[in-house]
Amino acid sequence: MNYNQLKNTPLFLIAGPCVIESEMITNTIAETLVNITDELEIPFIFKASFKKANRTNISSFTSIGITESIDILRNIKKKYNCSILTDVHSIEDIALVADFVDIIQIPAFLCRQTDLILAAAATNKIVNIKKGQFADMDMMAKAIAKVQSVGNNQVMLTERGSFFGYHDLVVDFRNIVKMTALDCIPIIDATHSVQQPNANLGSSGGNPKYVDMIAKCGIIAGANGVFIETHPNPSEALSDAGSMLPLNEMSNLLIDLKHVSAIQ
């Protein structure tokens, strides 16, 4: 789907694993999500990171290899005919993926990184900016303006919670309402929003039991898109294990979200 179609769609899904761990796991997740969203007629964008540059510990997992991970993303797009979103952490990263991804994501901690945003916007791809945990909506309006300054009006803005002390996040759903007044597509990130940053001796914990509630409230507040990280066995995931939704719970959640979206 193109940007205008997504903007006029009451509900679409961005989902996948936090990071590519293997070709087998990635294909399992992609195939399952494609089948569910096809059956429910929910537009779907596959999300996975080809590397995780933002890690607390030097020993934390980052990638199985950049080239291998990018090849897996390319194959997912070709095999399942789905749109692809991945995040970038440097201008050099953009050059690696710009020829095949549909959406370039700016991570929350980099939402003020002007050169990175401008380089992503210059590809003329859709740019999804994750709202920083430290950022208010005035700051994010300026981030949107950076994308638009190079003639690219295809901007998504994703709410993923705000810092609440050192080890927790809280979602201010007023931000979704404010996003709907901006020239962007508003998205609720239902899994990163339940994180407890650095709660587990240098890695993030989380409360995934709240994913369902946050996703529904985000749709009610006016979000078009729902962002969910999912894994067949979250406890064994190599990144964000404490906040991802089990893959076998995705179908029931999406059925509920479709009902919620229909009454908006």
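Up top you'll find the structure we're talking about.
Structure report, in brief. (Residues numbered from 1 in each chain as written. Predicted model: local features only at pLDDT ≥ 70, side-chain atom pairs only at ≥ 80, totals over all residues. Heavy atoms only, no water.)

**Things to note about the overall build of the chain**
Keep this limit in mind: Comment: elements are numbered from the N terminus, with helices defined as DSSP H or I runs of at least four residues and strands as E runs of at least two. Using a 1.4 Å probe on the protein chains alone, a residue whose accessible area is under 20% of its type maximum counts as buried, one over 50% counts as exposed, and one in between counts as partly exposed. Should any heavy atoms of two residues lie within 4.5 Å, those residues are counted as being in contact. Here the Shrake-Rupley method, with its probe set to 1.4 Å, supplies the accessible areas, and only the displayed protein chains count as covering residues.
Per the secondary structure count, the chain includes nine helices and 13 strands. Overall, the chain is about 40 × 40 × 40 Å in size when its C-alpha atoms are taken along their principal axes. Scored against the burial criterion, the 264 residues of the chain give a buried share of 53%. Of the contacts formed within the chain by residues at least 6 apart in sequence, a portion of 69% connects residues at least 24 apart. With an accessible surface of roughly 11300 Å², the chain has 51% of that area assigned to carbon and sulfur atoms.

**Regarding the environment of Ile14**
Along the polypeptide, Ile14 turns up in strand S1 (residues 12-16). Remark: the alpha-carbon pair of Ile14 and Leu85, spanning 71 residues in sequence, is separated by 7.9 Å. If near-sequence neighbours (up to four positions away) are discounted, Ile14 is found in contact with Ile45, Lys47, Leu85, Met156, Ile187, Val226, Phe227 and Ile228.

**Details of unusual backbone geometry**
The backbone of Glu41 shows a phi angle near 60°, a positive value even though the residue is not glycine. By the secondary structure assignment, Glu41 is in the loop between helix H2 (23-40) and strand S2 (44-47). Given the relative accessible area of 67%, Glu41 is considered exposed. Phi is positive for Asp240, which is not a glycine, with a value near 55°. The topology assignment puts Asp240 in the loop between strand S12 (225-231) and strand S13 (245-246).

**Re the packing of aromatic side chains**
Rules: Any two of the Phe, Tyr and Trp rings considered here, Trp counted by its six-membered ring, make a pair once their centres fall within 6.5 Å; the pair's planes then place it as stacked at under 30 degrees, edge-to-face at over 60, or tilted in between.
Under the definition given, this model contains two aromatic pairs. Aromatic side chains Phe44 and Phe46 sit 6.5 Å apart centroid to centroid with 75° between the ring planes, which places their arrangement in the edge-to-face category. For the pair formed by Phe44 and Phe46, the shared burial category is buried.

**So, the state of the cysteines**
Under the convention used in this document: Only a pair of cysteine sulfur atoms within 2.5 Å counts as a disulfide in this structure description.
Applying the stated criterion to the full structure yields zero disulfides. Here Cys18 stays unpaired: no disulfide links it, and the sulfur of Cys82, its closest cysteine neighbor, is 18 Å away. Residue classification places Cys82 among the buried positions, given a relative accessible area of 6%.

**Brief notes about helix H8 (residues 211-221)**
Counted only if it meets this: This arc is taken over the directions from the axis of the helix to the C-beta atoms.
When we look at burial in H8, the residues that qualify are Val211, Ile214, Ala215, Gly218, Ile219 and Ala221. For H8, the angular spread of the buried residues around the axis is 165°, confining them to a single face. Its buried side turned inward, H8 meets helix H7 (174-180), strand S9 (185-189), S12, S13 and helix H9 (250-262). Residue Gly222 follows H8 closely and has a positive phi angle near 125°.

**Quick notes on the side chain of Ser83**
When you line up the elements, Ser83 lands in strand S3 (residues 83-87). Discounting chain neighbours no more than four positions away, the residues touching Ser83 are Met1, Phe44, Ile45, Phe46 and Asp102.

**A closer look at the pattern of salt bridges**
Threshold: Here a salt bridge means any side-chain nitrogen of Lys or Arg lying within 4 Å of a carboxyl oxygen belonging to Asp or Glu.
This model, assessed by the stated rule, comprises eleven salt bridges. With its nearest N and O atoms 3.3 Å apart, the salt bridge here joins Asp93 to Lys51. Remark: Lys51 occurs in the loop between S2 and helix H3 (66-80) and Asp93 occurs in helix H4 (residues 91-97); sequence separation between them is 42 residues. Overall, the relative accessible area of 3% leaves Asp93 in the buried class. Across the pair Arg174 and Asp172 runs a salt bridge whose closest N-O atoms are separated by 2.9 Å. Connected through salt bridges with shared partners, the residues Asp212, Lys216 and Asp256 form a single ionic network.

**Considerations on the packing of H2 against H3**
Describing two packed helices takes the angle between their axes plus the distance from one axis to the other. Rules: Lines fitted to C-alpha atoms define the axes, with helix axes restricted to the stretch in contact, and inter-axis angles between N-to-C directions lie between 0 and 180 degrees. Working rule for angles: under 35 degrees goes down as roughly parallel, over 145 as roughly antiparallel, 65 to 115 as roughly perpendicular, anything else as oblique. A crossing counts as left-handed when the near helix is turned anticlockwise from the far one by less than a right angle, and as right-handed when that turn is clockwise. Amino acids are sorted into nonpolar (Ala, Val, Leu, Ile, Met, Phe, Trp, Tyr, Cys and Pro), charged (Asp, Glu, Lys and Arg) and polar (every other residue, Gly among them).
It is the contact of H2 with H3, at a shortest axis distance of 11 Å, that shows an interaxial angle of 30°. Between H2 and H3, the interaxial angle falls into the category roughly parallel. The interaxial crossing formed by H2 with H3 has right-handed handedness. Across the interface between the two elements, Glu23, Thr26, Asn27, Ala30, Glu31 and Val34 from H2 touch Ile72, Asn75, Ile76, Lys79 and Tyr80 from H3. Its residues assigned to classes, the contact of H2 with H3 shows five nonpolar, three polar and three charged.

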